[in-house]
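Each chain, written out:
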Amino acid sequence: MREEEKIKAGILFCPGDPELRAIKRKTHNLNVDYNSTHEDETEKRAAILKEIIGEFGEGGFIQGPIAFHYGRHTKIGRSFFGNFNLTIQDDAEVVIGDNCNFGPNTTIVTPIHPMIAQERNLMLTAEGEEKRLCYAKPVHIGNNCWFGASVTVCPGVTIGDDCVIGAGSVVTRDIPAGSFAAGVPCKVIRPITEADSMKYKPEILADNQVIS
């Protein structure tokens, strides 16, 4: 079994495997290319993202700088907005739905390293070789999610549709759809309801209107 197949199977793999390192090196270099562009170089940016990301829906915009690890393990839906310093360490699959907005310094991670130091340093493969091994769990984020600044999403987490995650949160477990959640570790504060509508905040709404 190839190391990339082991990742998908959720079992230990060697991140230093030459094939994996080649994928990551290409993506890391493309990150640098993207981060060297000007914001109005839209065609150039789009071409680079097409090389990096497995799937990137229409109408998306990523401010940059970016840091994708594999890139091709990430799927992003339509009308995505990613603010400054988006980091996606997609050893395992990362799936982001439509109409998601991420504040600056959003980080999504999928790899997990052994807790025991000796095991973290070296383990014995099936072939009898001593290697540094880890494993990874996928992250799934639904549609219409808003992340405040500096949110970190940990391996194996699923966040449902229509969620708001407060700034600085570290999401270590699943968040159900329609929730406002925040904190370290991130916890559901309350459901998002019709009472949260801007129409109940006339001092902020001013002469604008909510679309029915």
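Here the structure is shown first, and the text comes after it.
Worth saying up front: this structure is predicted, and the values here are computed from it rather than measured. (Residues numbered from 1 in each chain as written. Predicted model: local features only at pLDDT ≥ 70, side-chain atom pairs only at ≥ 80, totals over all residues. Heavy atoms only, no water.)

Draft legend 1. Representation of a nonpolar patch on the surface in the model. A cluster of nonpolar side chains, namely Met198, Ile204 and Val210, defines an oily patch on the protein surface of about 250 Å² accessible area. Within the secondary structure, Met198 is located in the loop between strand E21 (187–191) and helix H5 (202–205). (Patch = residues over 30% accessible without salt bridge, like charges linked within 9 Å, V, L, I, M, F, W, Y side chains within 5 Å. Areas by Shrake-Rupley, 256 points an atom, 1.4 Å probe, with all protein chains shown as cover. Salt bridge = Lys/Arg side-chain N within 4 Å of Asp/Glu carboxyl O. Helix = DSSP H or I, 4+ residues; strand = E, 2+ residues; numbered from the N terminus.)

Draft legend 2. A look at helix H2 (residues 18–35). Along its 18 residues, H2 runs 26 Å from first to last C-alpha, staying within 8% of the 26 Å computed at 1.5 Å per residue. Buried positions along H2 lie against helix H1 (3–9), helix H3 (42–52), strand E2 (61–62) and strand E3 (66–68). With a side-chain oxygen lying 3.1 Å from the backbone nitrogen of Glu19, the N-terminal cap of H2 falls on Asp17. (Expected span 1.5 Å × (residues − 1). Contact = heavy atoms within 4.5 Å. Polar contact = N/O pair within 3.5 Å; in protein donor to acceptor, adjacent residues only side chain to side chain.)

Draft legend 3. A look at the sheet that holds strand E16 (residues 152–153). Spatially, the five strands line up as an open sheet ordered E3-E6-E9-E16-E19, and their pairing is parallel. Each edge of the sheet is formed by a strand with only one pairing partner; in this case those strands are E3 and strand E19 (170–171). As judged from the two bridges shared by E16 and E19, these two strands associate in the parallel manner. Note on E19: the bridge partner recorded for Val153 is Val171. (Pairing = 2+ DSSP bridges.)

Draft legend 4. Structural view of the packing of H2 against H3. The interhelical angle for the contact between H2 and H3, taken along N-to-C directions, is 165°, at an axis separation of 10 Å. One element, H2, and the other, H3, form an angle in the roughly antiparallel class. Where H2 crosses over H3, the handedness of that crossing is left-handed. Across from Lys26, Thr27, Leu30, Asn31, Asp33 and Tyr34 in H2, the residues of H3 making contact are Arg45, Ile48, Leu49, Glu51 and Ile52. A breakdown of the residues in the contact of H2 with H3 according to their chemical character gives five nonpolar, two polar and four charged. (Axes fitted to C-alpha atoms, helices over the stretch in contact; angles between N-to-C directions. Parallel < 35°, antiparallel > 145°, perpendicular 65-115°, else oblique. Left-handed = near helix turned anticlockwise from the far one by under 90°. Nonpolar A, V, L, I, M, F, W, Y, C, P; charged D, E, K, R; others polar.)

Draft legend 5. Quick peek at the side chain of Thr27. Tracing the backbone through its elements, the reader meets Thr27 in helix H2. The class for Thr27 is buried, based on a relative accessible area of 5%. Contact partners of Thr27, with chain neighbours within four places excluded, come to Ile52, Phe68, His69, Tyr70 and Gly71. (Buried < 20%, exposed > 50% of the residue type's maximum accessible area, 1.4 Å probe, protein only.)

Draft legend 6. Representation of the packing of aromatic side chains within the structure. Enumeration over the complete set of coordinates arrives at three aromatic pairs. Measuring from ring centre to ring centre gives 5.0 Å for Phe80 and Phe102, while their planes differ by 90°; the resulting arrangement is edge-to-face. With a gap of 22 residues between them, Phe80 in the loop between strand E4 (74–76) and strand E5 (81–82) and Phe102 in strand E8 (residues 101–102) connect regions that are remote in the sequence. Residue classification places Phe80 among the buried residues on the basis of a relative accessible area of 1%. Taken together, the ring pairs connect Phe80, Phe102 and Phe147 into an aromatic cluster. (Phe/Tyr/Trp six-rings, centres within 6.5 Å; stacked < 30°, edge-to-face > 60°.)

These figures come from the coordinates and say nothing about function on their own.
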